[in-house]
Amino acid sequence: MDTNSPTPSVLMATTNEALLDDLLRLAAAASVTPRVEHSLLNLRRNWHACSLVVIGRDLAERLARVQPAHRPGVVVVGSTSDGDDLYRCAFDVGADAVCRLPDDEPLLAGKLADALDGVDRSAVTLAFVGGCGGAGSTTLAAAVAVLGNRRGFRTMLIDGDPLGGGIELALGIEHDPGDRWPKLLNASGRVSAAALRSALPSVDGLSVLSWDQSDVTVLPPDTMSSVIGAAQRSTDLVVLDLPRRADPAVEEGFIRSTATLLVVPCDVRSVAAAKRLSGPLRAVAGDLRVVARDSRPGLAPTDVATHLSLPLATKLGHDRTLSTAMDQGHFPLNARSPVTRTATALLDLFPPPQLNRRTEAPA
């Protein structure tokens, strides 16, 4: 074995070639490259080398006779015809779980993805939605993601609006290689966090999931849930740009968010539109707050929040130059920009955890 290659996170041990084929198929689907052993001796030598050990019943029976040291992360695998003997064998080796193939393939696939992702994480997840058309929620979502990334947090920006303009256009990466939503339509269950991050286009380390030019306009809720879950396990900060329409997949985004920021211009018509939206949002968003965007002449931000019966997160000033720059594929953020100040306030209000913070921030 190449001593310079990374240590596999999964050990698979069996002498049953048919079973091994099934295990390797599931591993490939989870983007896992396992260490494979065929003998009891090598299994015992590598008993503590990997975070997950998957043992076929054939070797598990032999391992039980030598009473291995107890360790977490052991799965015994057999077939649906093995009956209670499989469970007795798993008990003897101190296994955490039993998987009877093919019925328990989803369970094993989840454990493989967990092993690849490492320690479970729960990123701060901020959902942005406009209280009316043209409120500026997409711009603010992009700003929070870009600024979070600059601060050194592993960040993923997810565009959940197939009918929007495409958030990657604003970042100038619409022609960059990488997966878009239509490529992930069949994603369900446990999606590998590492595989998702590596498949997406990025700008200066910021991973971006957006749309291509296909006719796909609807996401299955299972796909949205699986992708957000994978993003939360692999990052410190997940930023969702979501549409105003009611949709099961969109609702899944609000449900899974730490907070939802409703961006509302401070004028009467915009507040009236936001009022109609705030009711349905309360049913799915656990922490719903207002970002009041300046309008001149207009209402005071506190009056907007009071009328909507929602807490005021912060206010957003008008930036005349940013919209033009975004149309040209640039997203300039300087310290004096109103959008930068608002994004800074939101990151201070909902600080990401320090667990995954990079040692150096991108320039």
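The structure contained in this document is the topic of the report that follows.

The rules behind the values
Residues numbered from 1 in each chain as written. Predicted model: local features only at pLDDT ≥ 70, side-chain atom pairs only at ≥ 80, totals over all residues. Heavy atoms only, no water. Pairing = 2+ DSSP bridges. Helix = DSSP H or I, 4+ residues; strand = E, 2+ residues; numbered from the N terminus. Axes fitted to C-alpha atoms, helices over the stretch in contact; angles between N-to-C directions. Contact = heavy atoms within 4.5 Å. Salt bridge = Lys/Arg side-chain N within 4 Å of Asp/Glu carboxyl O. Buried < 20%, exposed > 50% of the residue type's maximum accessible area, 1.4 Å probe, protein only.

Structural notes on the sheet that holds strand β3 (residues 52–56)
Next, step 1: What the five strands build is an open sheet, ordered β2-β1-β3-β4-β5; its pairing is parallel. Bordering the open sheet on either side are β2 (35–37) and β5 (97–101), each of which pairs with just one other strand. Sheet twist, expressed as the average angle between the axes of neighbouring strands with direction ignored, equals 20°.
Next, step 2: Two strands pair when backbone bridges link them, and β3 and strand β4 (residues 74–79) are joined in this way by four bridges, in the parallel orientation. Within β4, the residue paired with G56 across the bridge is V77.
Next, step 3: Each of β1 (10–13), β2, β3 and β4 is contacted by helix α3 (residues 57–65), which is oriented at about 100° to β3, the strand it contacts most.

A word on the sheet that holds strand β6 (residues 124–130)
Adjacent strands of a sheet pair through backbone hydrogen bonds, lying either parallel or antiparallel.
Next, step 1: Strands sit in the order β8-β9-β7-β10-β6-β11-β12-β13 across an open sheet of eight strands; the sheet is mixed. A strand with exactly one partner marks an edge of an open sheet, and here the two such strands are β8 (202–203) and β13 (312–316).
Next, step 2: Judged from the five bridges that link them, strand β7 (residues 155–159) and strand β10 (residues 237–241) form a sheet pairing that is parallel. Bridge pairing links T155 to L237 in β10.
Next, step 3: Its contacts with the sheet put helix α6 (residues 137–150) on β6, β7, β8, β9 (206–209), β10, β11 (259–265) and β12 (288–293), and the angle it makes with β10 is roughly 165°.
Next, step 4: Contacts from helix α11 (residues 268–284) reach β6, β11 and β12, with the element oriented near 165° to β11.

Quick notes on the pattern of salt bridges
Next, step 1: This structure, assessed with the given rule, holds 12 salt bridges.
Next, step 2: Here E105 ties to R25 by a salt bridge, and the two come within 2.7 Å at their closest N and O atoms. Here E105, found in helix α5 (residues 105–117), pairs with R25, found in helix α1 (residues 17–29); they are 80 residues apart in sequence, far enough to count as distant.
Next, step 3: Residue D161 is joined to R245 by a salt bridge in which the shortest nitrogen-to-oxygen separation is 3.8 Å. Separated by 84 residues along the polypeptide, D161 in the loop between β7 and α7 (167–171) and R245 in the loop between β10 and α10 (248–255) bring together distant segments of the chain.
Next, step 4: Residue classification places R245 among the partly exposed positions, given a relative accessible area of 29%.
Next, step 5: If you follow the salt bridges from partner to partner, you end up with R57, E61, D82, D85 and R88 in one network.

Description of the pairing of β11
It is a general feature of regular strands that their side chains alternate between the two faces of the sheet.
Next, step 1: Within β11, seven of the seven residues are buried, which leaves the element mostly enclosed by the surrounding structure.
Next, step 2: Burial of the side chains of β11 extends over both faces: A259, L261, V263 and P265 are buried on one face and T260, L262 and V264 on the other.
Next, step 3: Note: β6 against β11, five bridges, orientation parallel. Pairing of F128 across the sheet is with L261, part of β11.
Next, step 4: Sheet analysis places β11 next to β12, joined by six bridges and oriented parallel. Across the sheet, residue L262 finds its bridge partner in β12, namely V290.

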